[in-house]
Structure formats: structure tokens, C-alpha cells
Amino acid sequence: ASAQPPPKAARPGPPLRPGPPLRVPPVPRPVRRAGLEVEPEREPEVDYTAGCGGKLTPRVFFALAFAAEAASCALRADALRFVNGTPGGRFWGSECLPGSLQYNVFKAFVRGMADVVDVMGALLRRRKVPTVSIISQVLSPFTGRLSTELGLRPNRHFVSHFFCHKGRVEYVVKALIKEASAFYDARENSADGEKCSTEAGPLKIYHALPIQMLDGDFDFVQSLLIPIGW
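Residues numbered from 1 in each chain as written. Predicted model: local features only at pLDDT ≥ 70, side-chain atom pairs only at ≥ 80, totals over all residues. Heavy atoms only, no water.

Mind showing me how you'd approach the pattern of salt bridges here?
Should their charged atoms come close, side chains of opposite charge can pair. With the rule as written, the count across this model stands at 8 salt bridges. Here Arg-125 and Glu-69 are joined by a salt bridge, their closest N and O atoms 3.3 Å apart. A residue pair is termed long-range when its members are at least 10 positions apart, and Arg-125 in helix 3 (residues 107–125) and Glu-69 in helix 1 (residues 58–80) qualify at 56 residues. For the pair shown, Arg-125 and Glu-69 are each scored as buried. Among the ionic pairs, Arg-76 bridges to Asp-115, the shortest N-O distance being 2.8 Å. You can see Arg-76 sitting in helix 1 and its partner Asp-115 sitting in helix 3, a full 39 residues away along the chain. Exposure class is identical for Arg-76 and Asp-115. Each is buried. The network of salt bridges with common partners includes Arg-76, Asp-115 and Asp-118. (Salt bridge = Lys/Arg side-chain N within 4 Å of Asp/Glu carboxyl O. Helix = DSSP H or I, 4+ residues; strand = E, 2+ residues; numbered from the N terminus. Buried < 20%, exposed > 50% of the residue type's maximum accessible area, 1.4 Å probe, protein only.)

The structure is reproduced here in C-alpha cells:
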């Protein structure tokens, strides 16, 4: 048989264009998660440069959004380590809960807590300040329209379990503020010129954001998200 000529190499396509540097989510989001479905077509671009609601500075806004993504993933990973029907075990944010809950909750509680975090993340992506009041309205069984508008379908069983077993929205908000504060401190303490020039992705986006007077004031952030009386 005659020798066949080698196949022609595929011609490379045109180079990909980089997207706008300050209008991307902090980390990629999966389309579906256990207990929660995210509608990808409803995921908006996020412009951090103007802050959020005139109350959160760009860097604080970014830190909270980044912390929400990290916390959501951490809680679902923690839930996988729980044994069905058996309480106990540490999980993300547990140190911000009362002592009676830190080692004495079930898997459903942790997954319900993850759904609370996802509401915070969804509000931030729509440039809404995630106060305890607004989060509670979204999670209320009587206001399902609000969660639909955010592109979320929270698992009502997990959310109900969380609240019925003494979980409170303000516990989750405090834990997320603590996570955001740690992210902010880590970035600011390593923000020398050489470090910034070699960073990529979310960290580079963060350091490109403008600096404002209230950056790092997470006591103010807590008073804003958890008003007196909650």
C-alpha cells in the first residue's frame, strides 16, 4: 500500500482577547451545587471600582465578595466530611457561632449556612449591601420571588434546618466579615510593588482598585450589615 501523506497541522485560531480587568467575578462559580442551583445566564458582571451602594469601598466590596465565594466552597467541602445523622465537627465560621453550636450541628445545618452565604454573594454581585434584614427577606419562605430574582434556588430543607436549630443570619454575616477582614489584611500587608507586578487574576484586580479612607474599617462594615437591635 502506498504511504499516506502526513495530516496537515491545524491552523491556530485568532488569539483570545482579554476581558475588562475590573469587571469579572472574583473566582469562577460552578453552575450547580449540592442544595443550590445557580442560574448562569443571570450572573451579572461586577464592577468593583465604584464600591457598593455608596457605603462599601471598592476594596471592602471586593474583599466581601471574594470571602463569600471562598466561604461557600469551604462550607460545602466541610459538609462532605460530616456523617449523616451524627452531629459534631468543625466547619468554616463555626468560631463565630455560640459555643453550644460549634461542635453540635448536623450536615444539614452546615449546608443551610452555605445557602445563607450564597445569598450574601448574590446580593453583592448585584451591588446590593447584604444586611441581615435583606438576607432574611430573601430566605423567608414567604418571599420566594426575591431569591428567584437573585438567580438562586436555596434548598428550603437545609435553610429551615439551619434556622430551626438556632442558626441566625448575623452569625454568618459576622463570620464572613471576619473572612473578608483577613483577606484584606493579607493583601494590604503584602502590597509592595514587586508583589503586585507578579500577581494575576483576582489579586491583581484587587490591587488595581482605588484606595479610600474607609478601607479596612470592618467595625463600620459590621455596624452597617448588622444594625443595632439584631
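There's plenty left to go through after this.
Explain unusual backbone geometry here, please?
The phi angle of most residues is negative, glycine excepted, and most peptide bonds adopt the trans form. Notably, Arg-127 is not glycine yet its phi reads approximately 60°, a positive angle. Relative to the helices and strands, Arg-127 resides in the loop between helix 3 and helix 4 (132–139). Note on Arg-127: relative accessible area 32%, which makes it partly exposed.

So what exactly am I meant to see when it comes to the side chain of Asp-115 here?
On the basis of relative accessible area, Asp-115 is assigned to the buried category, the value being 1%. Looking at Asp-115, its side chain comes within polar contact range of the side chain of Arg-76, at 2.8 Å. (Polar contact = N/O pair within 3.5 Å; in protein donor to acceptor, adjacent residues only side chain to side chain.)

Looking at this structure, I do not really get the packing of helix 3 against helix 7 (residues 169–189). What am I missing?
Any two packed helices are characterised by the angle at which their axes cross and by the distance between the axes. For the pair helix 3 and helix 7, interaxial distance at closest approach is 10 Å and the crossing angle is 65°. Considering the angle they form, helix 3 stands roughly perpendicular to helix 7. Read as a crossing pair, helix 3 and helix 7 show a hand that is right-handed. Facing Met-113, Val-116, Val-117 and Met-120 of helix 3, the residues of helix 7 in contact are Val-169, Val-172, Val-173 and Leu-176. Class assignment for the residues of the contact of helix 3 with helix 7 results in 8 nonpolar, no polar and no charged. (Axes fitted to C-alpha atoms, helices over the stretch in contact; angles between N-to-C directions. Parallel < 35°, antiparallel > 145°, perpendicular 65-115°, else oblique. Left-handed = near helix turned anticlockwise from the far one by under 90°. Contact = heavy atoms within 4.5 Å. Nonpolar A, V, L, I, M, F, W, Y, C, P; charged D, E, K, R; others polar.)

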